[in-house]
Amino acid sequence: AGELSEIKRAETEAPRLVAALSPARRAKYVRLAAALDAGDSAAALTINLTSAIVYGITLVTPGADAAGAARAIRQRMEAQRAQMVQTYAYVYRTASDVQMESYVRFAESPAAHRYHAAGIKAIDSTISQAALALGQDLGVAVQDAVERAGALEDSSRVISRASATLAEPRLR
């Protein structure tokens, strides 16, 4: 429950914090985002996770276009990429300008680039594999439920609703 309340607080406070940023502080966030490629990294992780789940579901669904479903989800989520970077204002709200400058300078270093790239690659690979397996398990469960209900032709509507739900943004 504590994590959910923190997410909700971030959703309401982040826009206010962004609006109140000084130009110097905003510039630090821009430099940090560029140095870490964080917007793209976070967006890619989220997009890959969601796409893998949908792809896994459609792999075990007769007649479903797994690649098309994953492409559609990816396109919808790509449109939300810019919103994902806004998080910095909330995450670093308590850091001083000196601390931010120090962190940004580190993040801009070649060592930090290698460190962050390796970490993101490992996280993305692990999460994507787990999401694909989850999607396949969900697909099997949906198929079982649909078959038990005697309405196999309705499975595409169930998958379509599940895919749309997965594509909804969680943090704005």
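Please read all numbers here as calculations on a predicted model, not as lab measurements.

Draft legend 1. Up close: the pattern of salt bridges. Enumeration according to the criterion identifies nine salt bridges in this entry. Arg-31 is the salt-bridge partner of Glu-101, the closest N and O atoms lying 2.9 Å from each other. Pair noted here: Glu-101 is in helix 7 (residues 97–107) and Arg-31 is in helix 2 (residues 23–36), with a separation of 70 residues, a long-range link. Arg-31 sits in the partly exposed class, given a relative accessible area of 29%. Here Glu-101 ties to Arg-105 by a salt bridge, and the two come within 3.6 Å at their closest N and O atoms. Remark: Arg-105 and Glu-101 occur in helix 7; sequence separation between them is four residues, near one turn of the helix. Each of Glu-6, Arg-9, Glu-13, Arg-16 and Arg-93 takes part in a single network of salt bridges with overlapping partners.

Draft legend 2. Structural context of the nonpolar core. The biggest cluster of nonpolar side chains holds 17 residues, and the ones touching the most others in it are Tyr-29, Leu-32, Tyr-88, Tyr-92 and Met-100. Counting residues per element, the ones that place at least two in this core are helix 1 (2–19), helix 2, helix 6 (87–91) and helix 7. When residues of this core are assigned to their parent elements, the largest contribution, five residues, is made by helix 2. Leave out the neighbours within four places in its chain, and Tyr-92 touches Arg-25, Tyr-29, Leu-32, Met-100 and Tyr-103.

Draft legend 3. Geometry of the confidence of the model for the protein. Predicted confidence across the protein gives a mean pLDDT of 78, with 77% of residues reaching 70 or more. Within the protein, the lowest mean pLDDT, 57, falls on helix 5 (residues 81–85), and the highest, 92, falls on helix 7.

Draft legend 4. Representation of helix 2. Given a rise of 1.5 Å per residue, 14 residues ought to cover 20 Å, and the 20 Å separating the end C-alpha atoms of helix 2 matches this to within 8%. Three or more residues of helix 2 are buried, namely Arg-25, Lys-28, Tyr-29, Leu-32, Ala-33, Ala-35 and Leu-36. With its buried residues spanning 165° around the axis, helix 2 presents them on a single face. Residues of helix 2 that are exposed and point over 90 degrees away from its buried face: Pro-23, Val-30 and Ala-34. Positive phi appears at Asp-37, one or two residues downstream of helix 2, with a value of about 50°.

Reading guide: rules and limits
- All residue numbers refer to positions counted from 1 along the written sequence of the respective chain.
- Confidence filtering applies because this is a predicted model: local features only for residues at pLDDT of at least 70, side-chain atom pairs given and counted only at 80 or more, and all residues used for totals across whole chains, interfaces and linings.
- In computing side-chain values, all of the structure's heavy atoms are included and hydrogens and water are not.
- Between Lys or Arg on one side and Asp or Glu on the other, a salt bridge is scored when a side-chain nitrogen of the former is within 4 Å of a carboxyl oxygen of the latter.
- Elements are defined by DSSP. Helices are runs of H or I of four residues or more, strands are runs of E of two residues or more, and each kind is numbered from the N terminus.
- Burial classes: relative accessible area under 20% of the type maximum marks a residue as buried, over 50% as exposed, and values in between as partly exposed (1.4 Å probe, protein chains only).
- Buried Ala, Val, Leu, Ile, Met, Phe, Trp, Tyr and Cys residues form a nonpolar core when they are joined through side-chain atoms within 4.5 Å.
- Residue contacts are defined here by distance: any two heavy atoms, one from each residue, within 4.5 Å place the two residues in contact.
- Values of pLDDT, ranging from 0 to 100, describe the predictor's confidence in every residue of the model.
- Expected span of a helix: the number of residues minus one, times 1.5 Å.
- Throughout, the arc means that of the directions going from the helix axis to the C-beta atoms.

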